[in-house]
Amino acid sequence: MSGKQKIVYITRRERFNAAHKLYNPNWTEAENEAFFGKCSNKFYHGHNFELFVTIKGIANPETGMVMDLKKLKKVIKENITDPLDHRNLNEDIPWLKGSMPSIENIITAIWDILEPLMENSKLHSLKLVETENNFVEYFGE
Ligand code: NI
(Lines give C-alpha, C1' and ligand atoms only; values in the text may rest on other atoms or scores of the structure.)
Protein backbone atom coordinates (compact mmCIF):
# COMPACT_ATOMS: atom_id res chain seq x y z
CA MET A 1 0.00 0.00 0.00
CA SER A 2 1.34 3.40 -0.88
CA GLY A 3 1.06 6.21 1.60
CA LYS A 4 -0.77 8.30 -0.92
CA GLN A 5 -4.16 9.47 0.30
CA LYS A 6 -6.77 8.40 -2.20
CA ILE A 7 -9.77 10.63 -2.55
CA VAL A 8 -12.95 8.80 -3.49
CA TYR A 9 -16.26 10.27 -4.59
CA ILE A 10 -19.32 8.37 -3.46
CA THR A 11 -22.93 9.00 -4.41
CA ARG A 12 -26.28 8.20 -2.88
CA ARG A 13 -29.51 8.57 -4.86
CA GLU A 14 -32.82 9.39 -3.20
CA ARG A 15 -36.13 10.11 -4.86
CA PHE A 16 -39.19 12.21 -4.16
CA ASN A 17 -42.38 13.15 -5.99
CA ALA A 18 -43.55 16.72 -5.83
CA ALA A 19 -45.63 19.36 -7.59
CA HIS A 20 -44.65 22.83 -8.65
CA LYS A 21 -45.32 25.56 -11.13
CA LEU A 22 -43.03 28.15 -12.62
CA TYR A 23 -44.86 31.42 -12.29
CA ASN A 24 -43.58 34.93 -11.74
CA PRO A 25 -46.23 36.87 -9.80
CA ASN A 26 -44.85 40.16 -11.13
CA TRP A 27 -45.83 39.13 -14.64
CA THR A 28 -49.28 38.82 -16.20
CA GLU A 29 -50.74 35.39 -16.79
CA ALA A 30 -50.10 35.85 -20.51
CA GLU A 31 -46.44 36.73 -19.92
CA ASN A 32 -46.03 33.70 -17.69
CA GLU A 33 -47.69 31.46 -20.25
CA ALA A 34 -45.51 32.90 -23.02
CA PHE A 35 -42.28 32.31 -21.11
CA PHE A 36 -42.89 29.22 -19.01
CA GLY A 37 -45.49 27.50 -21.21
CA LYS A 38 -47.11 24.46 -19.62
CA CYS A 39 -44.88 24.81 -16.55
CA SER A 40 -46.88 27.90 -15.53
CA ASN A 41 -50.18 25.98 -15.34
CA LYS A 42 -51.91 27.47 -12.29
CA PHE A 43 -53.07 24.04 -11.12
CA TYR A 44 -49.44 22.85 -10.90
CA HIS A 45 -47.80 19.73 -12.36
CA GLY A 46 -45.69 16.98 -10.86
CA HIS A 47 -42.32 15.32 -11.33
CA ASN A 48 -40.60 12.22 -10.05
CA PHE A 49 -37.42 13.91 -8.89
CA GLU A 50 -34.13 12.13 -8.34
CA LEU A 51 -31.50 13.66 -6.11
CA PHE A 52 -27.89 12.45 -6.33
CA VAL A 53 -25.69 13.45 -3.41
CA THR A 54 -21.94 13.01 -3.94
CA ILE A 55 -19.48 13.29 -1.11
CA LYS A 56 -15.70 13.07 -1.25
CA GLY A 57 -13.21 11.77 1.21
CA ILE A 58 -10.63 9.20 2.13
CA ALA A 59 -11.74 5.72 3.16
CA ASN A 60 -11.49 5.20 6.89
CA PRO A 61 -8.94 2.40 7.44
CA GLU A 62 -11.16 0.77 10.08
CA THR A 63 -14.34 0.64 7.97
CA GLY A 64 -13.13 0.98 4.39
CA MET A 65 -15.77 3.66 3.95
CA VAL A 66 -15.68 7.36 3.17
CA MET A 67 -19.07 7.62 4.86
CA ASP A 68 -21.55 4.98 5.86
CA LEU A 69 -24.14 5.16 3.08
CA LYS A 70 -26.87 4.10 5.52
CA LYS A 71 -26.08 7.25 7.47
CA LEU A 72 -25.97 9.41 4.34
CA LYS A 73 -29.32 7.98 3.27
CA LYS A 74 -30.80 8.86 6.67
CA VAL A 75 -29.50 12.44 6.54
CA ILE A 76 -30.87 12.98 3.02
CA LYS A 77 -34.24 11.41 3.79
CA GLU A 78 -34.80 13.17 7.10
CA ASN A 79 -33.76 16.60 5.92
CA ILE A 80 -34.67 16.70 2.24
CA THR A 81 -36.60 13.95 0.52
CA ASP A 82 -39.14 13.08 3.24
CA PRO A 83 -40.05 16.76 3.79
CA LEU A 84 -40.38 17.33 0.01
CA ASP A 85 -42.18 14.10 -0.89
CA HIS A 86 -45.78 14.56 -2.08
CA ARG A 87 -45.59 18.29 -1.40
CA ASN A 88 -46.31 21.41 -3.37
CA LEU A 89 -42.93 23.09 -3.72
CA ASN A 90 -44.47 26.54 -4.25
CA GLU A 91 -46.56 26.44 -1.08
CA ASP A 92 -45.59 23.76 1.44
CA ILE A 93 -41.87 24.11 2.08
CA PRO A 94 -40.71 26.93 4.38
CA TRP A 95 -37.18 26.97 2.92
CA LEU A 96 -38.46 27.32 -0.65
CA LYS A 97 -41.23 29.76 0.08
CA GLY A 98 -40.90 33.01 -1.83
CA SER A 99 -38.50 31.62 -4.42
CA MET A 100 -39.30 30.27 -7.86
CA PRO A 101 -39.14 26.47 -7.34
CA SER A 102 -37.10 25.78 -10.45
CA ILE A 103 -34.60 22.92 -10.22
CA GLU A 104 -31.84 25.56 -10.14
CA ASN A 105 -33.27 27.17 -7.02
CA ILE A 106 -34.24 23.88 -5.39
CA ILE A 107 -30.76 22.39 -5.72
CA THR A 108 -28.97 25.38 -4.18
CA ALA A 109 -31.46 25.39 -1.27
CA ILE A 110 -30.81 21.66 -0.74
CA TRP A 111 -27.06 22.33 -0.69
CA ASP A 112 -27.44 24.96 2.03
CA ILE A 113 -29.24 22.42 4.23
CA LEU A 114 -27.05 19.37 3.55
CA GLU A 115 -23.61 20.93 3.48
CA PRO A 116 -23.36 21.61 7.24
CA LEU A 117 -24.60 18.08 8.02
CA MET A 118 -21.77 16.20 6.32
CA GLU A 119 -19.55 15.85 9.40
CA ASN A 120 -16.22 14.30 8.40
CA SER A 121 -16.94 14.08 4.68
CA LYS A 122 -17.11 16.91 2.24
CA LEU A 123 -20.16 17.49 0.09
CA HIS A 124 -18.82 17.51 -3.46
CA SER A 125 -21.88 17.91 -5.67
CA LEU A 126 -25.60 17.52 -6.04
CA LYS A 127 -27.51 16.48 -9.10
CA LEU A 128 -31.25 16.99 -9.32
CA VAL A 129 -33.07 15.22 -12.13
CA GLU A 130 -36.49 16.56 -13.06
CA THR A 131 -37.15 14.59 -16.25
CA GLU A 132 -35.07 12.12 -18.17
CA ASN A 133 -33.85 15.00 -20.31
CA ASN A 134 -33.52 17.81 -17.77
CA PHE A 135 -31.27 17.95 -14.74
CA VAL A 136 -29.04 20.38 -12.89
CA GLU A 137 -25.78 19.95 -11.00
CA TYR A 138 -24.37 22.13 -8.26
CA PHE A 139 -20.88 22.21 -6.75
CA GLY A 140 -21.42 24.84 -4.08
CA GLU A 141 -19.98 27.73 -6.09
NI1 NI B 1 -41.87 21.25 -13.79
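Below or above, wherever it landed, is the structure these notes cover. (Residues numbered from 1 in each chain as written. Predicted model: local features only at pLDDT ≥ 70, side-chain atom pairs only at ≥ 80, totals over all residues. Heavy atoms only, no water.)

Here the nickel ion is held by the protein donor atoms His20 (NE2), His45 (NE2) and His47 (NE2), which lie 2.0 to 2.1 Å from it. For the nickel ion, all donor residues lie on one chain, and their spacing in sequence is H-x24-H-x1-H. With His20 in strand E1 (residues 7-20) and His47 in strand E2 (residues 45-58), the pair connects residues that are 27 residues apart, well separated along the chain. When its relative accessible area of 14% is taken as the criterion, His47 is described as buried. (Donors = N, O, S within 2.8 Å, 3.2 Å for Na, K, Ca; no water. Helix = DSSP H or I, 4+ residues; strand = E, 2+ residues; numbered from the N terminus. Buried < 20%, exposed > 50% of the residue type's maximum accessible area, 1.4 Å probe, protein only.)

All told, the structure shown has six salt bridges when counted by the stated rule. As a salt-bridge pair, Arg13 and Glu50 come within 2.7 Å of each other at their nearest N and O atoms. In this pair, Arg13 is assigned in strand E1 and Glu50 in strand E2, connecting sequence segments 37 residues apart. Assessed through its relative accessible area of 37%, Arg13 is described here as partly exposed. (Salt bridge = Lys/Arg side-chain N within 4 Å of Asp/Glu carboxyl O.)

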